[in-house]
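Understanding the architecture of this molecule
Take a look at the letters that make up each chain.
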Amino acid sequence: MKRILLILESEANRKILTDALSSHYQVLLAEDARGLRQPFDLCISDGPSLRRLEKAIRERRQAEAPYYLPFLLVTTRKDIGLADHMLWRLVDDLIIAPIEKIELRARLESLIRARELALETRRLAQSDALTDLLNRHHFFLFGEQEIERCRRYGRPLSAMMLDLDHFKHINDTYGHLVGDQVLKEIANRIRTSLRKNDLASRYGGDEFALLLPETTPEQALRLAESAPPY
């Protein structure tokens, strides 16, 4: 269920929107900048909240970048000047009160689908098409960031390389389609063996590279030796 964050000055408006949305979404509430730190898929705000929390909203959107995090402004015709100033700078769409429920749902679904598309496009750009692990380029990109973090804070970091013995024989004997299935299975086993913050990539044809934050060389060696045979 998608999470909709409400930042609204009026308690009555919070109740109206909560009642309208709670059957289709998980509705979250925030009154200050701390509320913007919780995970959500879309935020609905009014004009007074935008003015009061403009800096925090900009920081939250910037922290999410390059991922798209949509904000919807609920406004009145009296406050349309603010909407003109904020639209596409701080918010992505607006809806004018009084609100029709069907129009609100349509706006929300459109913005959420745009977010999902942006996330999926980003994931595909980062991933190896066959194994869905990181591709080599993004492994180096994220790896450099992780190495810099570990240097800055003096934390351990280990790297590991894997390649498949006799993989050419599999391709030559059974064909490349079977070889692709073998690579996918190896990638799945690697993925399920790693922690959330570990990085795994398809480095080359039958080669895989892993980066293991908070892992000493001794711990990495034990992990490699304890892995089940492929």
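Counting from 1, residues in each chain are numbered in the order their sequence is written. Given that this is a predicted model, residues contribute local features only at a pLDDT of at least 70 and side-chain atom pairs are listed and counted only at 80 or more, while totals for whole chains, interfaces and linings are drawn from all residues. With hydrogens and water excluded, all non-hydrogen atoms of the structure serve as input to the side-chain values.

**Description of the overall build of the protein**
Assigned secondary structure in the protein consists of nine helices and eight strands. Expressed along its principal axes, the backbone C-alpha trace of the protein runs to roughly 70 × 45 × 30 Å. Three labels apply to residues, based on accessible area from a 1.4 Å probe with only protein chains included: buried if under 20% of the type maximum, exposed if over 50%, partly exposed otherwise in between. A burial count over the protein gives 37% of its 230 residues as buried. Values of accessible area rely on a 1.4 Å probe in the Shrake-Rupley scheme; residue burial ignores everything except the protein chains shown. For the protein, the accessible area works out to roughly 14,000 Å², and carbon and sulfur atoms hold 53% of it. His is not counted here, nor are the chain ends, while Lys and Arg score as positive and Asp and Glu score as negative. Lysine's charge is taken at NZ, arginine's at CZ, aspartate's at CG and glutamate's at CD. Charge centroids of the protein, computed over 35 positive and 35 negative side chains, lie 4 Å from each other. Helical segments are the DSSP runs of H or I of at least four residues, strand segments are the runs of E of at least two, and each set is numbered from the N terminus.

**Observations regarding the nonpolar core**
Counting 19 residues, the largest nonpolar core has Leu 5, Leu 36, Phe 40 and Phe 71 as its most contacted members. Where this core is concerned, the elements lending two or more residues are strand S1 (3-7), helix H3 (54-64) and strand S4 (71-75). Here Leu 36 is in contact with Leu 5, Ile 7, Ala 56, Ile 57, Arg 60 and Phe 71, once residues within four sequence places are set aside. Take the buried Ala, Val, Leu, Ile, Met, Phe, Trp, Tyr and Cys residues and link them wherever side-chain atoms come within 4.5 Å; each set so joined is a nonpolar core. Ranked by size, the runner-up nonpolar core spans 15 residues in total, among them Leu 21, Ile 95, Leu 108 and Leu 111. What makes two residues a contact is simply this: any of their non-hydrogen atoms within 4.5 Å.

**Quick notes on the pattern of salt bridges**
The salt bridge criterion pairs a side-chain nitrogen of Lys or Arg with a carboxyl oxygen of Asp or Glu, the two atoms within 4 Å. Per the stated rule, a full pass over the model turns up 21 salt bridges. The partner of Glu 214 in a salt bridge is Arg 155, with the nearest N and O atoms 2.7 Å apart. Of this pair, Glu 214 sits in the loop between strand S8 (207-213) and helix H9 (217-226) while Arg 155 is found in the loop between helix H6 (136-153) and strand S6 (157-163), placing the two residues 59 residues apart along the sequence. Looking at Arg 155, the relative accessible area reads 41%, which means it is partly exposed.

**Regarding helix H1 (residues 11-21)**
Here H1 has its buried residues at Arg 14, Leu 17, Ala 20 and Leu 21. Buried residues in H1, looked at end-on, bunch into an arc of 135°, giving them a common side. Those residues of H1 that are exposed and angled more than 90 degrees off the buried face are Glu 11, Lys 15 and Ile 16. Against the buried residues of H1 lie S1, strand S2 (26-29), strand S3 (42-46) and helix H5 (101-126). Directions drawn from the helix axis to the C-beta atoms are what define this arc.

**Some remarks on the environment of Gly 154**
Position of Gly 154 among the secondary structure elements: in the loop between H6 and S6. Gly 154 sits in the exposed class, given a relative accessible area of 59%. Separated by 99 residues in the primary sequence, Gly 154 and Lys 55 have C-alpha atoms spaced 32 Å apart.

**Some thoughts on the side chain of Ser 201**
Tracing the backbone through its elements, the reader meets Ser 201 in strand S7 (residues 199-202). On the basis of relative accessible area, Ser 201 is assigned to the buried category, the value being 1%.

**Some details on unusual backbone geometry**
Here Ala 97 and Pro 98 are connected by a cis peptide whose omega angle stands at 0°. Residue position: Pro 98 is located in the loop between strand S5 (93-96) and H5. If you check the backbone angles, Asp 132 has positive phi at about 70° while not being a glycine. In this fold, Asp 132 is placed in the loop between H5 and H6. The backbone of His 166 sits at a positive phi, close to 60°, despite the residue not being glycine. Looking at the secondary structure, you find His 166 in the loop between S6 and helix H7 (167-174). Using a relative accessible area of 65% as the deciding quantity, one classes His 166 as exposed.

**Topic: H3**
Of the positions making up H3, those classed as buried are Ala 56, Ile 57, Arg 60 and Glu 64. For H3, the angular spread of buried residues about the axis comes to 100°, placing them on one side. Residues of H3 that are exposed and angled more than 90 degrees away from the buried face: Lys 55 and Gln 62. Contact partners of the buried residues in H3: helix H2 (47-52), S4 and H5.

**A look at the sheet that holds S8**
Where strands meet in a sheet, backbone hydrogen bonds hold them as pairs that are either parallel or antiparallel. Between any two strands, pairing holds if DSSP finds at least two bridges. Ordered by their spatial adjacency, three strands build an open sheet running S6-S8-S7, and the pairing between neighbours is antiparallel. Taken across any chain shown, the strands that pair with only one partner, and hence form the sheet edges, are S6 and S7. Adjacent strand axes in the sheet meet at a mean angle of 15° when their direction is disregarded. The pairing of S6 with S8 spans seven bridges and is antiparallel. Across the sheet, residue Leu 157 finds its bridge partner in S8, namely Pro 213. Only the stretch in contact is used when fitting a helix axis, every axis being a line fitted to C-alpha atoms; angles between N-to-C directions are given from 0 to 180 degrees. Strand contacts of H6: S6, S7 and S8, with the helix running at about 20° to S8, the strand carrying the most contacts. Sheet strands touched by H9: S6 and S8. Its angle to S6, the strand with the most contacts, is close to 30°.

What is shown is where atoms sit, not what they do.
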